[in-house]
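# Breakdown of the fold
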Amino acid sequence: MSIYAPQTVEARARRTRAGRTLGVTLLLAAAAVLGPQAFASDEPGEPVAVHAYTVAAGETLWDIAASLTPSGADVRDMIIEIQHLNAMPTTDLAAGEQIYLPVQ
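To start, this report covers the structure provided alongside it.

Cut-offs applied
- Residues numbered from 1 in each chain as written.
- Predicted model: local features only at pLDDT ≥ 70, side-chain atom pairs only at ≥ 80, totals over all residues.
- Heavy atoms only, no water.
- Helix = DSSP H or I, 4+ residues; strand = E, 2+ residues; numbered from the N terminus.
- Buried < 20%, exposed > 50% of the residue type's maximum accessible area, 1.4 Å probe, protein only.
- Contact = heavy atoms within 4.5 Å.
- Arc of directions from axis to C-beta.
- Patch = residues over 30% accessible without salt bridge, like charges linked within 9 Å, V, L, I, M, F, W, Y side chains within 5 Å.
- Areas by Shrake-Rupley, 256 points an atom, 1.4 Å probe, with all protein chains shown as cover.
- Salt bridge = Lys/Arg side-chain N within 4 Å of Asp/Glu carboxyl O.
- Lys, Arg positive; Asp, Glu negative; His and termini not counted.
- Charge placed at Lys NZ, Arg CZ, Asp CG, Glu CD.

What follows covers the side chain of Gln-83. Topologically, Gln-83 is positioned in helix H3 (residues 75-86). A relative accessible area of 17% places Gln-83 in the buried class. Not counting residues within four places of it along the chain, the set of residues in contact with Gln-83 comprises Leu-61, Met-88, Pro-89, Thr-90 and Thr-91.

What follows is the structure, encoded as structure tokens:
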């Protein structure tokens, strides 16, 4: 004996919606797990010449970057380069902190 379920339009639509929701959820979960690995690299980056610098009391990242920026160039570009070089999420500095600066 077999069990028969009526194939109404509403029942098919409900199953289709549930299947789509499950599929999208699985795709999003896979993207969250595999996505960061797609952009990571085991290759070392291009070496950059740097020197260590100790931040003095009252010094700001703008002051340091301005002293390194060539005439006519934008100080903000140097700030971004220094932040990237030191993996700094913000421009905050503390007196006595050591940072790396690009050799110009």
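Next, the rest of the story.
Moving on to helix H2 (residues 61-68). Along an α-helix, residues three or four positions apart point the same way, because every turn accommodates 3.6 residues. Within the sequence span of H2, burial applies to Leu-61, Ile-64, Ala-65 and Leu-68. Relative to the axis of H2, the buried residues are bounded by an arc of 95° and lie together on one face. Contacts from the buried residues of H2 go to strand S1 (50-54), H3 and strand S2 (98-102).

Okay, a positive patch on the surface next. Judged by side-chain charge, Arg-12, Arg-14, Arg-15, Arg-17 and Arg-20 come together as a positively charged surface patch. For Arg-15, the location among the structural elements is in helix H1 (residues 9-39).

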